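Observations on the model geometry
The lines below spell out each chain.
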Amino acid sequence: MATDIKDTAHAVEAAAVMGLLPARPRLLALGEPTHGEDALLELRNELFRRLVEQEGYRTIAIESDCVRGLVVDDHVTSGRGTLDEVMEHGFGHGWGASAANRELVRWMRAHNVRADRDGRPASERLRFAGFDGPLEITHAASPRQALTALHGFLAARVDADLLPCTAETLDRLLGADDRWTDPAVMTDPSRSVGRSAGAAELRLLADDLVTLLDEQTPHLIATASRDERDRARLYGRTATGLLGYHFWTADASPARMTRLTGLRDRMMARNLLALAARGPVLAHAHNSHFQREKSTMRMGGRPLEWWSAGALVNARLGEEYAFVATALGTIRHRGVGTPPPDTVEGLLYALPEDRCVVDAPRLAAALGGARPAPRVSPWFGYAPLDPAHLAHSDGIVFVKDVPRS
């Protein structure tokens, strides 16, 4: 069996990853089992560079605020803002503090500057996107930015009589932003404004604005660039998604957290599908957001199950969606030591390579009926591979030892 497993392993290169797939996917999802380790982000950066150079990829999308990500995209495509400003304001979840994310942005901007000097078309510029909603563990953002940006886009291009409301009406209904971002809401549904009369009216108005955006498509093609139209659609998805999310933060039933996790991944999926419509994308997020099976976790002692963004995208794209999970041997500075030899991670840890790409379906076939034991993590921030999901991934990137960032 050890020989069979070794035969499935290759160096971590774009060609090796593509060799696992029937064709170049529109969306190549690279997962990670933990957050905040720059070694994994540096590996992601290396793979993206090779995909750009060898496979024609032009867009990278990460598990970060989709609206803030526009700040990063503006910088890498046109040089707007300083690198320090972009790292401070262009990322959610605190990802802007990562040295590896900073290097990614710096390299993308430098690549685009070279392309401009060489006279290559704009279509060859690299693009950056966040594909998560404007959501943090402690709170969800106010829908103000997305709603007002969508309204402003339409107000500048269509007859005022077609708009469902004025900007002043939106401002009055939105009220103070801290009503929406109150961190107490995450544990106390009664603090949420998501089911107030004003929020209900905003949901109707957001739906009307998105409908108007669709109705006016022929006119908008003539009066706005594709980037402007894509951003307006992003604002529409974000506004309706956030208002729905806030609605369910006000729910006191046992289904509350299941609905919220499902809504978050639905927002992710819609953003990923919009990005994939423009060309091949490398997406990077936690493995649980990309797997084809239902995602599971325990929160507050209660088990949750929901369909991940990857499962939703896979249902739409089929073979044009590919998922490569990342698995780890050790994270010793987090208390994660050598994996037991009867786990997937333990089997891979026995290979001589420090990093490798493994054909997951072939590995599952080599194991036959001998399903490995599930690994148990001593640290809550790391989620080992589920052996039952092995055959449903297209590949595994294995990193033997993760050093302290």
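Above this note sits the structure.
All of these numbers come straight from a predicted model, not from anything done at the bench. Residues take numbers from 1 onward in each chain, read along the sequence in its written order. Local features in this predicted model are restricted to residues whose pLDDT is 70 or higher, and side-chain atom pairs enter the listing and the counts only when it is 80 or higher, whereas totals over whole chains, interfaces and linings include all residues. With hydrogens and water stripped out, all remaining heavy atoms of the structure feed into the side-chain values.

Some details on the overall build of the protein
Across its full length, the protein holds 16 helices and 10 strands. Between the two quantities, the radius of gyration covers C-alpha atoms and the globule rule is 2.2 Å times the number of residues to the power 0.38. A globule of 405 residues ought to have a C-alpha radius of gyration of about 22 Å, and the protein, at 22 Å, matches this closely. Across its three principal axes, the protein shows a C-alpha extent of roughly 70 × 55 × 35 Å. Looking at the protein as a whole, 51% of its 405 residues are labelled buried. Each accessible area value is a Shrake-Rupley result obtained with a 1.4 Å probe; residue values ignore everything except the protein chains displayed when judging cover. Summed over all atoms, the accessible surface of the protein reaches about 17,800 Å², with 51% contributed by carbon and sulfur. Put simply, DSSP marks the helices as runs of H or I at least four residues long and the strands as runs of E at least two long, and each gets a number from the N terminus on. Type-normalised accessible area, obtained with a 1.4 Å probe on protein chains alone, sets the label of each residue: buried when under 20%, exposed when over 50%, and partly exposed for intermediate values.

Some remarks on the packing of helix 3 (residues 38-55) against helix 6 (residues 99-118)
One can describe the packing of helix 3 onto helix 6 by two numbers: an axis separation of 8 Å at closest approach and a directional angle of 20 degrees. Viewed along their axes, helix 3 and helix 6 adopt a mutual orientation that is roughly parallel. By crossing handedness, the relation of helix 3 to helix 6 is classed as right-handed. Between helix 3 and helix 6, the residues in contact are Asp-38, Leu-41, Glu-42, Arg-44, Asn-45, Phe-48, Arg-49 and Val-52 and Ala-99, Ala-100, Asn-101, Leu-104, Trp-107, Met-108 and His-111, respectively. Think of each axis as a best-fit line through the C-alpha atoms, taken over the contacting stretch in the case of a helix, with angles from 0 to 180 degrees between the N-to-C directions. Should an angle lie under 35 degrees it is considered roughly parallel, over 145 roughly antiparallel, and from 65 to 115 roughly perpendicular; all remaining angles are considered oblique. Each crossing gets its hand from how the near helix is turned against the far one by less than a right angle, where anticlockwise is left-handed and clockwise is right-handed. In what follows, residue pairs with any heavy atoms lying within 4.5 Å of each other are defined as contacts.

A look at the pattern of salt bridges
Each reported salt bridge corresponds to a side-chain nitrogen of Lys or Arg within 4 Å of a carboxyl oxygen of Asp or Glu. Scanning the entire structure with this criterion turns up 26 salt bridges. Notably, a salt bridge pairs Arg-264 with Asp-132, separated by 2.6 Å at the nearest N-O pair. Taken together, the residues span a long stretch of sequence, with Arg-264 in helix 13 (residues 256-276) and Asp-132 in strand 4 (residues 127-132) at a distance of 132 residues. Notably, a salt bridge pairs Arg-233 with Asp-230, separated by 3.1 Å at the nearest N-O pair. Separated by three residues within a single helix, Arg-233 and Asp-230 lie in helix 12 (residues 226-249), roughly one turn from each other. Owing to a relative accessible area of 32%, Arg-233 belongs among the partly exposed residues under this scheme. By sharing partners, the salt bridges in this structure join Asp-73, Asp-74, Arg-80, Arg-127, Arg-226, Asp-227, Asp-230, Arg-231, Arg-233 and Arg-278 into a single network.

Regarding the sheet that holds strand 9 (residues 355-358)
The strands making up a sheet associate through backbone hydrogen bonding, with each pair oriented either parallel or antiparallel. With respect to topology, eight strands assemble into an open sheet ordered 1-9-10-8-2-5-3-4, the strand pairing being mixed. Bordering the open sheet on either side are strand 1 (9-10) and strand 4, each of which pairs with just one other strand. Two strands are said to pair when DSSP picks up at least two bridges between them. Both strand 1 and strand 9 contribute to a ladder of two bridges, which runs antiparallel. The partner of His-10 across the bridge, within strand 9, is Val-357.

Overview of the environment of Ala-141
Along the chain, the position of Ala-141 falls in the loop between strand 4 and helix 7 (144-155). Given a relative accessible area of 22%, Ala-141 falls into the partly exposed group. Separated by 101 residues in sequence, Ala-141 and Leu-242 have C-alpha atoms that sit 7.5 Å apart. Beyond its immediate chain neighbours, meaning those up to four positions away, Ala-141 contacts Pro-134, Thr-181, Leu-242 and His-246.

Digging into helix 7
How far a helix is expected to stretch is found by multiplying one less than its residue total by 1.5 Å. The first and last C-alpha atoms of helix 7 sit 16 Å apart over 12 residues, in line with the 16 Å expected at 1.5 Å per residue. Here helix 7 has its buried residues at Ala-146, Leu-147, Leu-150, His-151, Phe-153 and Leu-154. One side of helix 7 carries all its buried residues, which in axial view fall inside an arc of 160 degrees. Its buried side turned inward, helix 7 meets helix 8 (167-174), helix 10 (197-215), helix 11 (217-223) and helix 12. Taken from the helix axis, the directions to the C-beta atoms give the arc we talk about.

Quick look at the environment of Thr-217
Within the element layout of this structure, Thr-217 appears in helix 11. Its relative accessible area of 25% is what places Thr-217 among the partly exposed residues. Residues Thr-217 and Ser-123 lie 94 residues apart in sequence; the distance between their C-alpha atoms is 22 Å.

As for the layout of surface pockets
By volume, the largest pocket is sized at about 1,600 Å³. In this structure, the largest pocket is lined by 45 residues; those nearest its centre are His-286, Ser-288, Thr-296, Met-297 and Trp-306. Of all the secondary-structure elements, those providing two or more residues to the lining of the largest pocket are helix 13, strand 6 (294-299) and strand 8 (321-330). Here the lining of the largest pocket takes six residues from strand 6, the largest share from any one element. Just so you know the grouping, Ala, Val, Leu, Ile, Met, Phe, Trp, Tyr, Cys and Pro go in nonpolar, Asp, Glu, Lys and Arg go in charged, and all remaining residues, Gly too, go in polar. Of the residues contributing to the lining of the largest pocket, the split by class is 22 nonpolar, 14 polar and nine charged. One number sums up the size of the second largest pocket: a volume of about 800 Å³. Considering the residues around the second largest pocket, the lining is formed by 39 residues, among which Asp-230, Arg-237, Ala-274, Leu-275 and Arg-278 are closest to the centre. For the lining of the second largest pocket, the secondary structure elements donating two or more residues are helix 4 (69-78), strand 4, helix 10, helix 12 and helix 13. Top contributing element to the lining of the second largest pocket by residue count: helix 12, with 11 residues. For cavity detection a 1 Å grid was placed over the protein atoms alone, and a set of points counts as a cavity when a 1.4 Å probe fits there but cannot get out; an open set counts as a pocket when protein lies on both sides within 12 Å along at least five of seven lines, with lining residues being those that have an atom within 4 Å of a point. Grid points are joined across faces, edges and corners, and a volume is the space filled by probe spheres set on the points.

Comments concerning empty space enclosed by the protein
Tallied over the entire structure, the rule returns four cavities of 30 Å³ or more. In this structure, the largest cavity encloses a volume near 40 Å³. Forming the boundary of the largest cavity are Cys-66, Arg-237, Thr-238, Met-267, Arg-270 and Asn-271. Among the secondary structure elements, those contributing two or more residues to the lining of the largest cavity are helix 12 and helix 13.

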